[in-house]
Amino acid sequence: MIFFFLVSSQLASMSESLEQATLMLPINRMNLISTVNMFLNLSDYTSLNIKKKLAAGNLDEKQLIKNAKDLLIERNNFTEPQAHRFMQKKSMDTGKKMVETALIILNS
């Protein structure tokens, strides 16, 4: 189960758990939609577009993972270690490679 918390900047430090995402108020509508999309997409399926990118094999995996972590940090108020552990956990839970999880996050 995943919880989303909408909090003011004064309460942002409350979000230490990996199973929750914190979005800062006032919230940008697109950030909310993107965050919900990301969590839904991480659950089971991988889009055809992402499968094609993975099959092409010409990806800079380290850079993609870094970009996905940066997005989690910016959009969901994660720290760098939280973003990394979040991606690791989601990769293990879904049986996906870390780079696949990163692509899902970046395409959400």
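Conventions and cut-offs
- Residues numbered from 1 in each chain as written.
- Predicted model: local features only at pLDDT ≥ 70, side-chain atom pairs only at ≥ 80, totals over all residues.
- Heavy atoms only, no water.
- Helix = DSSP H or I, 4+ residues; strand = E, 2+ residues; numbered from the N terminus.
- Expected span 1.5 Å × (residues − 1).
- Buried < 20%, exposed > 50% of the residue type's maximum accessible area, 1.4 Å probe, protein only.
- Arc of directions from axis to C-beta.
- Salt bridge = Lys/Arg side-chain N within 4 Å of Asp/Glu carboxyl O.

Description of the environment of Leu-59
Now for step 1: Assignment of secondary structure puts Leu-59 in the loop between α2 (48-56) and α3 (61-76).
Now for step 2: Through-space distance from the C-alpha of Leu-59 to that of Val-99 is 9.0 Å; in sequence the pair is 40 residues apart.

Here's the deal with helix α4 (residues 80-94)
Now for step 1: Over its 15 residues, α4 extends 21 Å from the first C-alpha to the last, a length consistent with the 21 Å expected when each residue adds 1.5 Å.
Now for step 2: Taken residue by residue, α4 has Gln-82, Ala-83, Phe-86, Met-87, Lys-90 and Ser-91 as its buried positions. Along the axis of α4, the buried residues cluster in a sector spanning 165 degrees; they form a single face.
Now for step 3: Following α4 by one or two positions, Gly-95 has its phi on the positive side, about 75 degrees.

Observations concerning the pattern of salt bridges
Side chains bearing opposite charge may pair, as long as their charged atoms lie close to each other.
Now for step 1: Inspection of every chain in the model, using the stated rule, returns three salt bridges.
Now for step 2: Taking the shortest distance from any N to any O, the salt bridge between Asp-70 and Lys-66 comes out at 2.8 Å. Of this pair, Asp-70 and Lys-66 are both found in helix α3, four residues apart, which corresponds to roughly one turn of the helix.
Now for step 3: According to the relative accessible area criterion, Lys-66 is partly exposed, its value standing at 42%.
Now for step 4: A salt bridge links Glu-80 to Lys-69; the nearest nitrogen and oxygen atoms lie 2.9 Å apart. Taken together, the residues Glu-80 in helix α4 and Lys-69 in helix α3 connect sequence positions eleven residues apart.
Now for step 5: Of the residues examined, Lys-69 reaches a relative accessible area of 13% and is grouped as buried.

No statement about biological role is implied by the geometric values presented.
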